Amino acid sequence: MTKSSRQPEHRHPAELPHHQTLLDCTDWASLATVRGTGESLPAALARLLDPDPVVRGTAARDALREVTHQNTIYEATVPVALYVAAVLGHPAISAGDFGHDAGMPPNHPLLVRLLDWLGSTAYDADDECVAMGERHCGAGFLQEYGEIRAFRDLRPAMFSAVRPLLGHDDAGVRHAALVAAIPLSEHPDLVSHRSELVDHARRLRATSTDRHNRNRVLDALKAWGYGTDNLESAADISAREHHARRMAERTSRAGKGKGGYCEDPPF
């Protein structure tokens, strides 16, 4: 997570902007990324819609790596996330040959990769991460970091793009959409959608063997106060205990941090 010397003005549209509008109306060169600024991002993002699956796969790698590093929300992360959400329903993305996109592992098409990235980024700005930041950096943590605040404000717009994919014909897409929708639904305006997500979560738990997805939906069900006794296997319990140990170690390391933008960096 970065602390900017300036706080950029982020627009918070009530609806998801058109993907071309995002490319044309964002001052990419002024926004911080992993390696500098985002002047190369418009070209990479535009190539996500190229007819050639090889080009699309390379474009995803080039664009996402510029804003993906150590659970950090950069200035450029916000418009990239909006763009990713805006193209989820584009034919070049949604009508891909599932399981055969270039550069993707088997049964891991570009649509799933984009959903995975969007969900992972949403978790990096979720309530748990904000609480951790406040514990280590003080109550003003969220006010200090405009990038995280902007991402959180835009969750309803991104959720509007993810929600239709909860009913996708491909199970991998449905599950990735659900895992992305869960942290986005923490926004106060989206609480009413949780009952819908619970139904999807229970179906995933009953059919999926993917450990990551199972853990995410189980955590959500527990956080929302739904019973999980009949959904949790011995393997789930073991994995949960292992995760708890890792989180404790992570918190301990953070408490010993030195330097940086606050006394004890949380991430």
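In what follows, the structure referred to is the one given above.
The text that follows walks through the structure, step by step, so that each part is easy to find.

Conventions adopted
- Numbers given for residues are sequential positions, taken from 1 along each chain in its written order.
- Totals for whole chains, interfaces and linings use all residues, but because this is a predicted model, local features are given only for residues with pLDDT of at least 70 and pairs of side-chain atoms are given and counted only at 80 or more.
- By convention in this description, side-chain values take in all heavy atoms of the structure and omit both hydrogens and water.
- Only runs of H or I of at least four residues qualify as helices and only runs of E of at least two qualify as strands under DSSP, and these elements are numbered from the N terminus.
- Categorising residues by exposure relies on relative accessible area from a 1.4 Å probe, with only protein chains included: less than 20% of the type maximum marks a residue as buried, more than 50% marks it as exposed, and the intermediate range marks it as partly exposed.
- We call two residues contacting when some pair of their heavy atoms lies within 4.5 Å.
- All accessible areas in this document rest on Shrake-Rupley with a 1.4 Å probe, and a residue is counted as covered only by the protein chains that are shown.
- Here, the term nonpolar core denotes a set of buried Ala, Val, Leu, Ile, Met, Phe, Trp, Tyr and Cys residues that are joined through side-chain atoms within 4.5 Å.
- Given the number of residues in a helix, its expected span is that number minus one, multiplied by 1.5 Å.
- Relevant arc is that of directions from the helix axis to the C-beta atoms, nothing else.
- N or O atoms within 3.5 Å of each other form a polar contact, as long as, within protein, one can give a hydrogen and the other can take it, and as long as residues adjacent in sequence are counted only when both atoms are side-chain atoms.

## Remarks on the overall build of the protein chain
1) Next: A tally of regular secondary structure across the protein chain gives 14 helices and 0 strands.
2) Next: In the protein chain, the succession of helices and strands from N to C terminus is α-α-α-α-α-α-α-α-α-α-α-α-α-α.
3) Next: For the protein chain, the residues scored as buried account for 48% of the 267 residues in total.
4) Next: For the protein chain, the share of sequence-separated contacts (at least 6 apart) that also reach a separation of at least 24 residues comes to 67%.
5) Next: About 12700 Å² of surface is accessible on the protein chain, with carbon and sulfur atoms providing 49% of the total.

## Description of the nonpolar core
1) Next: Leu45, Val80, Leu88, Leu115, Met158 and Val162 are the most contacted members of the largest nonpolar core, which totals 68 residues.
2) Next: Not counting residues within four places of it along the chain, the set of residues in contact with Val80 comprises Trp28, Leu41, Leu45, Leu64, Val67 and Trp117.

## Structural notes on helix H13 (residues 211–223)
1) Next: Here H13 contains 13 residues, and its C-alpha end-to-end distance of 18 Å stays within 8% of the 18 Å for a straight helix at 1.5 Å per residue.
2) Next: Buried within H13 we find Asn213, Arg214, Val217, Leu218, Ala220 and Leu221. The buried side chains of H13 occupy one side of the element, clustering within an arc of 160 degrees when seen end-on.
3) Next: The N-terminus of H13 is capped by Asp210, whose side-chain oxygen sits 3.1 Å from the backbone nitrogen of His212.
4) Next: Gly225 lies just past H13 and shows a positive phi near 85 degrees.

## What to know about the environment of Asp52
1) Next: Looking at the secondary structure, you find Asp52 in the loop between helix H2 (41–46) and helix H3 (53–64).
2) Next: With relative accessibility at 33%, the residue Asp52 sits in the partly exposed group.
3) Next: As for Asp52 and Ala92, which are separated by 40 residues in sequence, their C-alpha atoms are 9.0 Å apart.
4) Next: Among the polar contacts made by the side chain of Asp52, one reaches the main-chain amide nitrogen of Val54 at a distance of 2.9 Å.

## Quick notes on the environment of His187
1) Next: Inspection of the secondary structure puts His187 in the loop between helix H11 (171–184) and helix H12 (194–207).
2) Next: In sequence terms His187 and Arg155 are 32 residues apart; their C-alpha atoms lie 6.5 Å from each other.
3) Next: Look past the residues within four positions of His187 in its chain and what remains in contact with it is Arg152, Asp153, Arg155 and Pro156.

## Things to note about H11
1) Next: Between its first and last C-alpha atoms H11 spans 20 Å; for 14 residues at 1.5 Å apiece the expected length is 20 Å, and the two agree.
2) Next: For H11, the buried fraction is high: 11 of the 14 residues fall into the buried class.
3) Next: Among all positions in H11, only Val173, His175, Ala176, Ala177, Leu178, Val179, Ala180, Ala181, Ile182, Pro183 and Leu184 are buried.
4) Next: Residues of H11 that are buried in the fold lie against helix H6 (110–123), helix H9 (146–153), helix H10 (155–162), H12 and H13.
5) Next: The opening residue of H11, the one whose side-chain oxygen lies 2.9 Å from the backbone nitrogen of Gly172, is Asp170.

## Brief notes about the side chain of Thr121
1) Next: Take Thr121: it is sitting in helix H6.
2) Next: For Thr121, the residues in contact, after removing those within four places along its chain, are Ile73, Thr77 and Phe151.

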